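What follows is the residue order along each chain.
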Amino acid sequence: GTGFIATHLLSDIIDIKGIVLHKDTYRDFEISLDRSGRTSEDLLPKIEAALDKIRKIDTDQSFTVRDNYETFRVESDYDTSFSYPLVNDEKRKAAKDGIVDLVNTLPLTLVNISKIKEVKIIDRINSEETEYKKEEIYNDGVIRKTHIKLSKAETRSFITYYTEELSLSVEVNNFEELCLIEHFGKTPNLYRDFPLIGSDKFYFPYILNGYKLHPTEDRDGIPIHSESAPDHIENRQLIEKAFVAAKIFTDYLVSQNAKNLFVCAFSRMPSEKWQEASKEWYKNLQIDYRAFIKSKSIVELETASTDNVTLNTAFVPVFGDTDQDKLAFYDILKPFIDSNNVPKRDLLLKWLQATGPKE
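What you see is a predicted model; the values in this text were computed from it and never measured. (Residues numbered from 1 in each chain as written. Predicted model: local features only at pLDDT ≥ 70, side-chain atom pairs only at ≥ 80, totals over all residues. Heavy atoms only, no water.)

### Points about the sheet that holds strand β1 (residues 13–22)
The antiparallel open sheet is built from 3 strands, whose spatial order is β2-β1-β3. Each having just a single partner strand, β2 (25–34) and β3 (81–83) make up the two edges of the open sheet. Each adjacent strand pair in this sheet contributes to an overall mean axis angle of 20°, direction not counted. As judged from the 10 bridges shared by β1 and β2, these two strands associate in the antiparallel manner. The residue of β2 that forms the bridge with I13 is D34. (Pairing = 2+ DSSP bridges. Helix = DSSP H or I, 4+ residues; strand = E, 2+ residues; numbered from the N terminus. Axes fitted to C-alpha atoms, helices over the stretch in contact; angles between N-to-C directions.)

Structural data, given as structure tokens:
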């Protein structure tokens, strides 16, 4: 569940150290997992050698007994390590890219996993250290507000709605102004505690974490197209529950007078290799959610003293292929229509993105 298989992108050989609980006894262990080789004939002897070492845990003196381990361990005991020899430029680039991308995925990973409260990145290449520290601000059992503090004086804030099977999160600028921040198609939108890298185009109003989602083998999304495969069926059931949760979460955000509520309307079809039946299934969920969202007072107007209007009532003008043309058309059209019916100018392009494509 930690993305261990994906780390083979870094190296075919992984040296692991840690503590194992075996027959009520804690022991040190150290083992090398060697997956180098192109065929099963190459891999099998290496796998067998690793297994053979593990089988000797009761007699091999290298598995040192650690008496009273649970009693005396402290958080600063970094007992578990995974080491990856980076043998060429391609592997080194993958490692560097992974570290850079953590800013996109690690904050929400911390939000999703209660057991982890802090992650420290020690970058010896650039002589930098970065900390990601979690601070829970509010928790009533359903809604949680969480700060993720970075050592570079940056704080990111998330509001999360929880059920027994899933959670929905949205980033906000802070908990006072409650201005929603969009990440449309820019970062993973599906999590199974950890991000499913490649799920950027699984469009959904909020970032969805499913505790029992069944990821694809590559952990880049979820299979949903079969009407008979158990993992597809269970994923579908969770997506259906996610749409129900999205309505509740949207109502909560509206009740809190959140800004940038165009985020809640982002409900275009995910980019999938749809089959006819699966597309109809998801389309019905989309139609139902869009009918719900159209009746909500989520469109902010140019006049600050005026209450939001519903998407049903609002007029969102669109003409032209470029952003410049669309804004120019907005400026031409606005004097001819009720200004209490059009969204704020600086939100127009976001509304077009949230409510598109054109159909």
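### Structural notes on empty space enclosed by the protein
On inspection of all chains with the given rule, the structure shows 2 cavities of 30 Å³ or more. Of the volumes computed, that of the largest cavity is approximately 150 Å³. In terms of lining residues, the largest cavity is bounded by 18 residues, among which H183, N189, F204, P205 and I207 are the most central. Looking at the lining of the largest cavity, the element that brings in the most residues is strand β8 (residues 166–172), giving 3 residues. Each residue belonging to the lining of the largest cavity can be placed in one class, and the counts come to 10 nonpolar, 5 polar and 3 charged. The computed volume of the second largest cavity comes to approximately 40 Å³. Taken together, N104, L108, R156, F158, E171, H183, T187, P188, Y191 and I207 form the lining of the second largest cavity. Those elements that place two or more of their residues in the lining of the second largest cavity are α3 (89–112) and β7 (154–162). Tallied by class, the residues present in the lining of the second largest cavity amount to 5 nonpolar, 3 polar and 2 charged. (1 Å grid on protein atoms, 1.4 Å probe; cavity = no way out; pocket = protein on both sides within 12 Å on 5 of 7 lines; lining within 4 Å. Points joined across faces, edges and corners; volume = space filled by probe spheres on them. Nonpolar A, V, L, I, M, F, W, Y, C, P; charged D, E, K, R; others polar.)

### A look at the nonpolar core
Ranked by size, the top nonpolar core spans 54 residues in total, and within it I159, F249, L253 and Y282 carry the most contacts. Breaking this core down by element, the ones donating at least two residues are β7, β8, α4 (230–255), α5 (276–294), β13 (297–299) and α7 (348–355). Broken down by element, this core gets its largest block of residues, 9 residues, from α4. For L253, the contacting residues outside a window of four places in its chain are I159, V170, L180, Y206, A258, L261 and C264. Listed in part, the 12 residues of the second largest apolar core include V111, I121, Y132 and I207. (Core = buried A, V, L, I, M, F, W, Y, C linked by side-chain atoms within 4.5 Å. Buried < 20%, exposed > 50% of the residue type's maximum accessible area, 1.4 Å probe, protein only. Contact = heavy atoms within 4.5 Å.)

### Concerning the confidence of the model for the protein
Looking at the protein, pLDDT values average 91 and 98% of them are 70 or higher. Mean pLDDT values over the elements of the protein span from 87, in helix α1 (residues 40–55), up to 98, in strand β9 (residues 180–181). (pLDDT = per-residue confidence, 0-100.)

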